Amino acid sequence: MPREDSEIIEGCLKGEEAAFRALLQKYRARVFSIALRIVSNDEDARDIAQETFVRVFKSLSQFDQERSFQNWLFRIAVNLSIDLMRKRKFAFFSLSGNKEDGTKDHDIEDQSPTPDVSYESKAGAERFESLIESLPVKYKTLLVLRYKEELSYQEMAEVMGIPMGTIKARLHRGHRILRRKLETKKARAGTGLRARVVF
C-alpha cells in the first residue's frame, strides 16, 4: 500500500478529521466515476459514492493494511453499483463465472492488443460512449476499470474477486462485442461515425 494511503488510514483510525477529508479528496471523484459508468445515473452514482465511504469508515479498523486500500475501496463501490442494478432488474450477468446457459467461462488469456480508438468528432466519441453503456454489466465494469481507471489485470482481479485468467477472457469478449456494435453503428450511420478500433 502506498505510504500516503497508509498515513491517511492511520490518521482516520485515530479519528483525525483532516485524515477523513484527505481520504475523501483523494478518492471521491474516482469512486463516483466508477459508479456512474456502471449505473449510468448521476444521482444513483452520488448515493453509491456516499455509501461506499460510509462503509469504508465503518469497517476501516478491520482493513488489512498489507493489502491495497484502493482495490478494497473500488471493490466496495463496484459491488454496490452491481447490487443497485440487480435491484432495478437491469441486464445482469453473474460475476461468478456462469453464463446465462449455465456453462462456465473459459479462462482464455486475451492476447489481443489493447483498444486504440481515435475519433474525428466529439459526436463520434459520444456515440462510442453510448455503445459502452449498452454492454452487459460484467463487460462494462471491466472496461471501466481497465481503460478509465487504468488498473492492472491483477488489480482488477482483486477488485472483482475473480481469477486473472477470467478477467482477461472477459475483456477479450467485451472487446469483440464492442467492436461488433461499433461496426453495426457505423454501417447504419454511413460516414457519420468515423472511428478506428484495434482490439
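Look a little higher up for the structure.
Along each chain, the written sequence defines residue order, and numbers are assigned to residues from 1. Only residues with pLDDT of at least 70 are given local features in this predicted model, and only at 80 or more are side-chain atom pairs given and counted; all residues enter the totals for whole chains, interfaces and linings. Side-chain metrics in this entry use all non-hydrogen atoms of the structure; hydrogen atoms and water are not considered.

Trainee: Even after reading the chapter, I still don't get the packing of aromatic side chains, so can you show me in this structure?
Mentor: Working definition: an aromatic ring pair is given by the centre-to-centre distance plus the angle between the planes. Between the rings of Phe, Tyr and Trp (Trp by its six-membered ring), a pair exists once the centres lie within 6.5 Å; its type follows the angle of the planes, with under 30 degrees stacked, over 60 edge-to-face, and the other angles tilted. Within the structure shown, the criterion is met by seven aromatic pairs. With 6.4 Å between their ring centres and 85 degrees between their planes, Y27 and F74 make a pair best called edge-to-face. One end of the pair, Y27, is in helix α2 (residues 17-39); the other, F74, is in helix α4 (residues 69-87), and 47 residues separate them in sequence. As far as burial versus exposure is concerned, Y27 and F74 are alike and both buried. Clustering of aromatic rings is evident, with ring pairs tying together Y27, F63, F69, W72 and F74. Two conditions define a charge located above a ring, namely a distance within 6 Å from the ring centre to NZ of Lys or CZ of Arg, and an angle within 35 degrees of the ring normal. A cation sits over an aromatic face here: R146 above Y153, 4.3 Å from the ring centre. Secondary structure counts use DSSP, requiring at least four H or I residues in a row for a helix and at least two E residues in a row for a strand, with both numbered from the N terminus. Categorising residues by exposure relies on relative accessible area from a 1.4 Å probe, with only protein chains included: less than 20% of the type maximum marks a residue as buried, more than 50% marks it as exposed, and the intermediate range marks it as partly exposed.

Trainee: In this structure, what is going on with the nonpolar core? I would like to understand it.
Mentor: Within soluble globular proteins, side chains that are nonpolar tend to cluster in buried spots. Grouped together as the largest cluster of nonpolar side chains are 49 residues, with contacts concentrated most on F69 and I167. Of all the secondary structure elements, the ones that give two or more residues to this core are α1 (3-13), α2, α3 (42-59), α4, α5 (122-133), α6 (137-148), α7 (153-160) and α8 (164-189). No other element matches the ten residues that α4 contributes to this core. We define a nonpolar core as any set of buried Ala, Val, Leu, Ile, Met, Phe, Trp, Tyr and Cys residues linked to one another through side-chain atoms lying within 4.5 Å.

Trainee: How should I be thinking about unusual backbone geometry in this particular structure?
Mentor: Across residues other than glycine, the phi torsion is negative in most instances, and most of the peptide bonds are trans. Its identity as a non-glycine residue notwithstanding, S40 has a phi of 60 degrees, on the positive side. Summarising the element assignment, S40 is placed in the loop between α2 and α3. Exposure remark for S40: the relative accessible area of 42% places this residue in the partly exposed category. Of note in the backbone geometry, E150 takes a positive phi value of approximately 60 degrees without being a glycine. With relative accessibility at 65%, the residue E150 sits in the exposed group.

Trainee: Explanation requested: α4 in the structure shown.
Mentor: A turn of α-helix holds 3.6 residues, and therefore any two residues three or four places apart point the same way. To estimate the expected span of a helix, count its residues, drop one, and scale the result by 1.5 Å. Across its 19 residues, α4 extends 27 Å between first and last C-alpha, which sits within 8% of the 27 Å expected from 1.5 Å per residue. Its side-chain oxygen at 3.4 Å from the backbone nitrogen of Q70, S68 defines the N-terminal cap of α4. Here a polar contact means two N or O atoms within 3.5 Å. Within protein one must be a hydrogen donor candidate and the other an acceptor candidate, and residues neighboring in sequence count only if both atoms are side-chain atoms.

Trainee: Explanation requested: the side chain of D5 in the structure shown.
Mentor: Among the structural elements, D5 can be located in helix α1. At a separation of 2.5 Å, a polar atom in the side chain of D5 contacts the side chain of K26.

Trainee: Please explain the packing of α2 against α6 as it appears in this structure.
Mentor: If you want to describe how two helices pack, look at the angle between their axes and the distance between the axes. For the pair α2 and α6, interaxial distance at closest approach is 9 Å and the crossing angle is 150 degrees. On the basis of the axis angle, α2 is roughly antiparallel to α6. When you trace α2 past α6, the crossing you get is right-handed. Here α2 contributes I34, R37 and I38 to the contact with α6, which in turn contributes V137, K140, T141, V144, L145 and K148. Looking at the contact of α2 with α6 residue by residue, the classes come out as five nonpolar, one polar and three charged. To get an axis, a line is fitted to the C-alpha atoms, and for a helix only the part in contact is used. The angle between two axes follows their N-to-C directions and goes from 0 to 180 degrees. For classification purposes, an angle smaller than 35 degrees is called roughly parallel, one larger than 145 roughly antiparallel, one from 65 to 115 roughly perpendicular, and anything else oblique. Handedness of a crossing follows from how the near helix is turned relative to the far one, being left-handed for an anticlockwise turn of less than a right angle and right-handed for a clockwise one. A contact between two residues is defined here by any heavy atoms of the two lying within 4.5 Å. Gly is put with the polar residues, along with every residue not named as nonpolar or charged; the nonpolar set is Ala, Val, Leu, Ile, Met, Phe, Trp, Tyr, Cys and Pro, and the charged set is Asp, Glu, Lys and Arg.

Trainee: Looking at this structure, how should I read the environment of R21?
Mentor: Structurally, R21 can be placed in helix α2. Note: C-alpha distance between R21 and I8 (13 residues apart in sequence) is 9.4 Å.

Trainee: So what exactly am I meant to see when it comes to the pattern of salt bridges here?
Mentor: Any Lys or Arg side-chain nitrogen found within 4 Å of a carboxyl oxygen on Asp or Glu counts as a salt bridge. One pass over the structure, following the stated rule, counts seven salt bridges. Residue E4 is joined to K26 by a salt bridge in which the shortest nitrogen-to-oxygen separation is 3.6 Å. You can see E4 sitting in helix α1 and its partner K26 sitting in helix α2, a full 22 residues away along the chain. With a relative accessible area of 46%, E4 lands in the partly exposed category. What makes K26 partly exposed here is its relative accessible area of 30%. One network of salt bridges, in which partners are shared, links E4, D5 and K26.

Trainee: Hey, could you run me through the environment of L182 in this one?
Mentor: Relative to the helices and strands, L182 is located in helix α8. With 50 residues separating them along the chain, L182 and I132 place their C-alpha atoms 9.7 Å apart.

Trainee: What is the right way to read α2 from this model?
Mentor: Between its first and last C-alpha atoms α2 spans 30 Å; for 23 residues at 1.5 Å apiece the expected length is 33 Å, and the two agree. We define the bend at any residue as the angle between the axes fitted to the seven residues before and including it, ending there, and the seven starting there. Where α2 bends most, the angle comes to about 45 degrees, and this point is Y27. What α2 keeps buried is the set A19, L23, Y27, V31, I34, A35, I38 and V39. Where α2 is buried, its residues contact α1, α3, α4 and α6. Once α2 finishes, S40 follows within two positions and takes phi at roughly 60 degrees, a positive value.

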